[in-house]
Structures are given as C-alpha cells and as structure tokens.
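Notes for the structure review
Here's the letter readout for the chains.
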Amino acid sequence: MGTIIGVQFQKNGKLYYFDANGYEVKPGEYVIVDTSRGIDLGEVSMGNRETDGDNEIIPLKKVIRKATEQDIQHGRENRQKEKDAFSICQKKILEHKLEMKLVSVEYAFDNSKILFFFTANGRVDFRSLVKDLASIFKMRIELRQIGVRDEAKMLGGLGPCGRTICCGSFLDQFQPVSIKMAKEQNRSLNPTKISGVCGRLMCCLKYEQDHYETTRKRMPKVGREVITPDGNGPVTDLNIVKETVFVRLTNGDTSEIKEYPLENIIRPQETEHTKKNQAKESDTGKSNDQENEIPENVFLPEEDVQNDPDKTGHENFIKEAAGNNEKKNNKPKEKKAVLGQPVKRENPNRSGIQQGKRQDRTQNEKSTAPKANNNTEKPKQENSASPWADAVEKAMKAINHDN
C-alpha cells in the first residue's frame, strides 16, 4: 500500500504522480518535489490517494516538503523573470541573425540555470548567443532544440474538437501516426481536417485504430455480394462505429440502398461452409455404417464356417493365401548396399547371351548324335501302341462272342 498525489507544474499541463512521503495535502496547495530538471515547485491537483504497490510500474519520486509562503512567492518571481528572459533572448537572436524560433523559457527553482527551448529547421550554431546570455544573466545557460509536437505540447491550445490538445493534457509519449489510419477510418484526406495544431497528423487517429482493424475483419468488403433479409445485393458502404452495412437491393428497374446491422448480414461463403459441414457429417455417418458391416475379405472363425455351408469355400481361399504368403517369405532378400564396399552389378544383357549359347549347344548335339536304325524304332512304336491294340482286340472278341 502507498499514498500518491498528482502535481502540475503548468496551468492545464500534464499531471505527474509523486509519493506523498507521509504528507497530507489537498488540491490547490503547493509542494516542493524532485524532478528530472531538479527541484521544482508544483501545484497539487489530486489529493492523497491510496494505491496497491503491485500497480506501480516504476518507483515514484517522493515529495520533499510542503511549500511555504516564501516558496510560493519565489515561484511567482521566477515566472516574471522568465518573461523578461524571453524578450532579452529574442532580441539577441535577431542581433546574431540566427534562423531559430524561441518557444519557452524556464527558470530553475533554485536559480541555478535557465533553459531556453527553440525550434529550427536544421542545426544552429548558437555558441556566440550562449556567451552573450551568460554575460547578462550570470548563471548557467542551456539551449534545447525541440520538435513541432513538443512546441505544441509546451504552448498548449485547443484542438479541432474544441478540447485542450491531448499532448498538453495527458499524453506521456508521442505515438507514430500514418495516413493509412485516416484512410481506414474513412476520414477526409484534406490536410486541414486531419492535422493538429502542430501541423502533423492528429494523435487521436491512433486511439480507435485497433477497434477499426478488429471490426473491419468481421465485416464484408465493399463490393462483395451478401445475403440480407430482403434479398441479395452488393455492399456499398460500411459504418465501423455503428457496425452496420449498406447494401444495394434491386427490384426490377429500380434499386434501393438499405442499412442493415452486421448480425443480419450473411456472406455466401458462410452458406457454402455450412453445406460443406453438412456433407462432411453425412460422409462420417456413412463411414460409421460401413465400419459396422462385415467386409467380404474378413474371414469368420472355424465354428461359424462349419455351421454355415455357404462359407465352406473360405477354407480353400485361406490355404491359398497362406501358401502365397509362404512363397513371398521364402524369396531371397536383396542385399542392401553398404558404404565403403564395392557393389556387384549384373549385366542385364548377360542372361540373353547365355540362353543363346545354350540353344546353339543343343542344336549341335542333335546334329552330331548317331541316327538310330529303323528296326529298333519300330518295336518301340509297337510296344508303345500294344496296350491300346490289346484293348481293342478284347473288345472286338467280346462283341463277336455275344453275336
């Protein structure tokens, strides 16, 4: 647990938080605090507030003490001195003919130094200017070049919306803003309407950019065909803030543009997607039914085959399949090549050459073999035909005997 307070150093300026350090202050009072520029006097705009220690991102600087009447009077004198220093520095800039614009002057609370803030298009050699200012004010002089956004932040002002500019009231850091953001938000690309007091793109274009990006992804693009409760038609415009879609509907020779909320718009892709899902569900249902059926290639146990005479043919098929598997398993396995060992490659034409040589050898053997005598061949033919001749004779005898 900790107690913090909010302090402002300029009227309608940025609010800075400090650790109360045990002091109880009210809005409107003044305190002395330690800042990055040294000890300074600030006005309390937010009183004591209890916070959890877990919510603190970085440790806050502590309040040194409450401001006294002398401190408040000293602060007022410094404000008056800043105006005088501004006019003196402006004259010296004109004398040295330097291309720079003086923006603001700040006196340190302890009068240890003076800070001059200016803007310029490029680098400026202000060494001679610093010497003249140091001889006049007799204290440390610092000149800091700032950008146009920092200039608007220090000077303050009103934006196109009529409120105090964001950078002068609550913005801690400047975030990059591009012209693409103005296009996505359907803003006019007229520079006078999208530029701020500093002449750059308004910082508020960044605030709603995330909402526009997420919402635009959920909405159909302009020109796409959509389905509405009144019919189909192309999208003509989008309202990101209200999340509505403008659709052109045609009825004969006339056409009309109607506005529909995003919930009532259906894209054709969504309908096709639903049809695909239904088709997938039907396919999965069919596949489940097919899984429950017994395929023809699945063999029943022996008991079921014996009881069912129509399935006895499966036994022979099982035996044939087993024999084929044994033949496949008995085939010699091919040797795999091993790194570092020579590989023996066979000539595919060698088998054909060997077969040709074998045929030539058989033909030569037949030609050189001695011819057998006719007398020896006849008995062989008789012997080979004797069983048939005996059977025919016996049949003829039997027929004659019956007659």
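Please refer to the structure placed before this passage.
Okay, so let's go over this structure. The structure presented is a predicted model; accordingly, all values stated were derived computationally and were not measured. Sequence order as written defines the numbering, with residues in each chain counted from 1. Predicted model: local features are reported for residues with pLDDT of at least 70 only, side-chain atom pairs are reported and counted for 80 or more only, and whole-chain, interface and lining totals are derived from all residues. The side-chain quantities take in all heavy atoms of the structure and omit both hydrogens and water.

1. Regarding the pattern of salt bridges
In the sections that follow, a salt bridge refers to a side-chain nitrogen of Lys or Arg positioned within 4 Å of a carboxyl oxygen of Asp or Glu. For the coordinates displayed, the defined rule picks out 11 salt bridges. For the salt bridge of arginine 79 with glutamate 82, the shortest nitrogen-to-oxygen distance reads 2.9 Å. In this pair, arginine 79 and glutamate 82 are both assigned in helix H1 (residues 69-96), 3 residues apart and thus about one turn of the helix distant. By relative accessible area, glutamate 82 is classed as buried at 12%. Salt-bridge contacts for glutamate 151 lead to lysine 101; the nearest nitrogen and oxygen are separated by 2.9 Å. Here glutamate 151, found in helix H3 (residues 148-155), pairs with lysine 101, found in strand S6 (residues 101-107); they are 50 residues apart in sequence, far enough to count as distant. Because the salt bridges share partners, they merge into one network encompassing Lys113, Arg140, Glu142 and Arg144. Starting at the N terminus, helices and strands are each numbered in turn, a helix being any DSSP run of H or I of at least four residues and a strand any DSSP run of E of at least two. Only protein chains enter the calculation, and the probe is 1.4 Å; a residue is then buried if its accessible area is under 20% of its type maximum, exposed if over 50%, and partly exposed in between.

2. A word on helix H2 (residues 127-137)
All of the buried residues along H2 are Leu129, Leu133 and Phe137. Buried residues along H2 cover an arc of 50° about the axis, so they all sit on one side. Residues Arg127 and Lys131 are exposed on H2 and point more than 90 degrees away from its buried face. Between two residues, a contact is recorded if the distance between any of their heavy atoms is within 4.5 Å. Close packing links the buried residues of H2 with H1, S6, strand S7 (113-119) and strand S8 (140-145). Directly beyond the C-terminal end of H2, a positive phi value near 55° is found at lysine 138. Within this analysis, the arc is defined by the directions that extend from the helix axis to the C-beta atoms.

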